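Survey of secondary and tertiary structure
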Amino acid sequence: MSKRALLLINRQARQGQKSLAIAVDVLNDLGFELMVLPVKNPEQLPMLVRQHGVQVDTVIVGGGDGTLNTIVDSLVEMNLPLGILPLGTANDLARTLNLPQTIPEACQVIASGYQKYIDLGWVNGKHFFNVASLGLSVAITKKLSRGMKRRWGILSYGITALQAIAQTRPFHAKILTNEQVISVKTIQIAIGNGRYYGGGMAIAADAAIDDQQLDLYSLELQHWWQTFPLVWHLPRGQQYRLPWVRVMRGESYEIQTNRPRSINTDGELTTATPAIFRVVPQALGVFVPPPPPPLTKA
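1. Quick notes on the overall build of the chain
For the chain, the helix and strand inventory stands at nine helices and 18 strands. Considering the chain as a whole, with its 298 residues, one finds that 52% of them fall into the buried category. Counting only contacts in the chain whose residues sit at least 6 apart along the sequence, the fraction spanning at least 24 positions is 71%. Of the accessible surface of the chain, which amounts to about 14,100 Å², a share of 52% is contributed by carbon and sulfur atoms.

Right under this line is the structure:
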């Protein structure tokens, strides 16, 4: 494995400011030839990858899921593998990939050179790792401030969700798939590519980031009390057990609404309905822990 790497750390991430020096020291000790560029605003990341990607063989990104969502399109375009330093609040992609949470251990994973080719979701021309959704999640994203995430960490998602649920009203939508048109009245439609999102909730109990499928659920609540069992089942990916939650699995979907509704991809508002979703199989190489050696018979 060549160790020419572009190191990009979002200093606005929860642990970004203090992590840059640590990452540089560890990666240098592991033999990487680093190109380190200052990142004052995450919106600069795609431009930096496109400008400097031809000079390196790997891009190492320090940040959370929003940072990774910002950079994913440029990685696909440049056909560069991704090393992840989980520095965000939720780190749902890192959780899906079983990555360690400390910088030295995450650097060791990258240095091992073992790549896994993962699927990506795609909506209206935008790639995403974890989940794309509309409705309740958009309200949460709009309410969830950087200051709250810094102060409360992972708890900020739950606090903000409770506030948003009280104010969210159902909306009408059409889900088109496999020549079916399904009309729903819902407070949220979520379409997941990976396993985890929203601070550790599972999109489905058996979801995987390399199964070449998208998992959809629609929260079709009719009474306020239905939020209580939802709070219990949703983090475990067991929402399919509730009769007012519609679940589907497939390779593509189209969502139509009466008026344009914002769509959240990996915690960032990036597009709107009407929207076409599809899975892109084995779209990106990511450094992950090597699998354990096979057991040998005595």
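Read on, since the account is not over.
2. Topic: the pairing of strand E17 (residues 268-272)
Across four bridges, strand E16 (residues 262-265) lies against E17 in antiparallel orientation. Bridging across to E17, Ser 262 finds its partner in Ala 272. Here E16 hands over to E17 after two residues, with Asp 266 in that stretch at a positive phi of 55 degrees.

3. Notes on the packing of aromatic side chains
This model, assessed by the stated rule, comprises one aromatic pair. Here Tyr 197 and Tyr 217 contribute two aromatic rings whose centre-to-centre distance is 6.5 Å and whose plane-to-plane angle is 45 degrees, an arrangement assigned as tilted. Separated by 20 residues along the polypeptide, Tyr 197 in strand E11 (residues 196-197) and Tyr 217 in strand E13 (residues 214-219) bring together distant segments of the chain. In this structure, Tyr 197 and Tyr 217 share a single accessibility class: buried.

4. Here we look at the pairing of strand E10 (residues 188-192)
Note on strand geometry: in a regular strand, side chains alternate between the two faces of the sheet. Taken across its five residues, E10 has five buried, putting it largely inside the fold. Of the two faces of E10, the one lined by Gln 188, Ala 190 and Gly 192 and the one lined by Ile 189 and Ile 191 are each fully buried. Sheet analysis places strand E7 (residues 131-135) next to E10, joined by five bridges and oriented antiparallel. Across the sheet, residue Gly 135 finds its bridge partner in E10, namely Gln 188.

5. Some thoughts on the confidence of the model for the chain
For the chain, per-residue confidence averages 86 on the pLDDT scale, and residues scoring 70 or more make up 82% of the total. When the criterion is pLDDT under 50, residues 152-159 qualifies, and its contacts beyond four places in sequence or with other chains add up to 18 contacts.

6. Remarks on the sheet that holds strand E14 (residues 245-250)
Strand order in the open sheet made by the six strands is E14-E13-E10-E7-E16-E17, with antiparallel pairing throughout. Only two strands of the sheet have a single neighbouring strand rather than two, namely E14 and E17. For this sheet, the mean angle separating the axes of adjacent strands, direction not counted, is 20 degrees. Here five bridges tie E10 to E13, and the two strands are oriented antiparallel to one another. Paired with Gln 188 across the strands is Leu 219, a residue of E13.

What counts, and at which threshold
- Residues numbered from 1 in each chain as written.
- Predicted model: local features only at pLDDT ≥ 70, side-chain atom pairs only at ≥ 80, totals over all residues.
- Heavy atoms only, no water.
- Helix = DSSP H or I, 4+ residues; strand = E, 2+ residues; numbered from the N terminus.
- Buried < 20%, exposed > 50% of the residue type's maximum accessible area, 1.4 Å probe, protein only.
- Contact = heavy atoms within 4.5 Å.
- Areas by Shrake-Rupley, 256 points an atom, 1.4 Å probe, with all protein chains shown as cover.
- Pairing = 2+ DSSP bridges.
- Phe/Tyr/Trp six-rings, centres within 6.5 Å; stacked < 30°, edge-to-face > 60°.
- pLDDT = per-residue confidence, 0-100.
- Axes fitted to C-alpha atoms, helices over the stretch in contact; angles between N-to-C directions.

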